[in-house]
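# Residue-level structure breakdown
Residue-level listing of the chains:
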Amino acid sequence: MSWKQSPPIRAAFWMIGTLTSFTLLAVSTRELSFQLDTFELVFYRSFLSLVVLAAFAKAIGRLPRLNFQKFRLQCLRNAFQFAGMSCWFFAIASIPLAQVFAFEFTTPLWVALMAAVYLKEPLTPVQLFSVALGAVGIFIVARPGQVEFTPGTWAAVFCAIGFAGSAVLTRKLTRYQGTIEILLWMLILQSVAGLAVAGRDLELAVPSINMALPLIVMSVAGVTAHYCLTKALSIAPAAAVAPIDFFRLPLIAVIGMLAYGEALELAVFAGGAIICVGNFLNVRSRIRI
């Protein structure tokens, strides 16, 4: 069997695209944060990614006709997504990149809790244990009492909760709409919300010409990250894909050290590893349900 016929190898290649895209998204966001505030970043990222996605969907003949079915659910889902994205951008600009990724990895654990409440999905003892591991990991990364809990740290925690709420509501939306339509609605609503908040003072900062490359990278990576992850999950089980995604943490830590002089902190790696173990147990238990 060639590598093109091997599902695990093909999924691994798509996950390399996922790792690369999320890393480029974080770095380009950090670069843009020197000129743009949080909500301006949300607007530019959403609007430019909307253009990229619409062009891509048109090119492959899968541009859907948008309808207002479940529009209230779309708005609620995107309220969580907007909050999560805003917190993520703020955290990226405020604290070490590795810390942001470590906290972001708790998203699946928050999803398990929210899905149990909102979707009435079963929460097994293994999943409860994985959530407890996530809490321990957060405690180790945050180190309350030793490290100041800054607004950026809180933003990193709340971005995971926002993304979790969005993920849970996305599960419900997929019963009625396709992936591309859901993503288009997300980017349209995020663009409108981002413009409304960023332009509340009737001013919208325009990036300088030297920010053109980070803008292009951010808009493209924002689409390719989710596309590559979706492709990987369509080829191989989540339990096989998830561990590869955890390599994002050491990768972004090294980039943070080389590009921004951020320290490689043992606590972030230790806490992140525990969070990743909790995620893996959570994924494996759901595969077996």
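Quick notes on the rules
Residues numbered from 1 in each chain as written. Predicted model: local features only at pLDDT ≥ 70, side-chain atom pairs only at ≥ 80, totals over all residues. Heavy atoms only, no water. Patch = residues over 30% accessible without salt bridge, like charges linked within 9 Å, V, L, I, M, F, W, Y side chains within 5 Å. Areas by Shrake-Rupley, 256 points an atom, 1.4 Å probe, with all protein chains shown as cover. Salt bridge = Lys/Arg side-chain N within 4 Å of Asp/Glu carboxyl O. Helix = DSSP H or I, 4+ residues; strand = E, 2+ residues; numbered from the N terminus. Core = buried A, V, L, I, M, F, W, Y, C linked by side-chain atoms within 4.5 Å. Buried < 20%, exposed > 50% of the residue type's maximum accessible area, 1.4 Å probe, protein only. Contact = heavy atoms within 4.5 Å. Phe/Tyr/Trp six-rings, centres within 6.5 Å; stacked < 30°, edge-to-face > 60°. Lys NZ or Arg CZ within 6 Å of the ring centre and 35° of its normal.

## Points about a nonpolar patch on the surface
Among the surface-exposed residues, Val254, Met257, Leu258, Leu264 and Phe269 lie close enough to one another that they form a single nonpolar patch of about 430 Å² accessible area. Ranked by residues supplied to the nonpolar patch, first place goes to helix α11 (residues 248–260) with three residues. As for its placement among the helices and strands, Val254 is situated in helix α11.

## Thoughts on the nonpolar core
Counting 43 residues, the largest nonpolar core has Trp88, Phe101 and Met218 as its most contacted members. If we skip the residues at most four places from it in the chain, Met218 touches Leu25, Ser28, Thr29, Leu32, Leu41, Tyr44, Arg45, Ser49 and Phe89. Counting residues in each nonpolar core, the second largest holds eight residues, with Leu50, Leu53, Ile180 and Met186 among its members.

## So, the packing of aromatic side chains
Taken as a whole and assessed by the stated rule, the structure comprises 11 aromatic pairs. A centroid spacing of 5.9 Å and a plane angle of 15° characterise the contact between Phe43 and Phe47, whose relative ring orientation is stacked. Here Phe43 and its partner Phe47 are both found in helix α2 (residues 38–59), four residues apart, which amounts to about one turn of the helix. With 5.3 Å between their ring centres and 75° between their planes, Phe56 and Tyr227 make a pair best called edge-to-face. Highlighted residues: Phe56 in helix α2 and Tyr227 in helix α9 (residues 212–235), separated in sequence by 171 residues. One aromatic cluster is present, formed by Trp14, Phe56 and Tyr227 through successive ring pairs. Looking at Arg248, its charged tip hangs above the ring of Phe22, at a distance of 4.3 Å from the centre.

## What about the side chain of Ser166?
Considering the arrangement of structural elements, one finds Ser166 in helix α7 (residues 151–173). For Ser166, a relative accessible area of 2% gives the class buried. Apart from residues lying up to four places away in sequence, Ser166 is in contact with Arg77, Phe80 and Gln81.

Remember that the coordinates give geometry; whether it matters functionally is a separate question.
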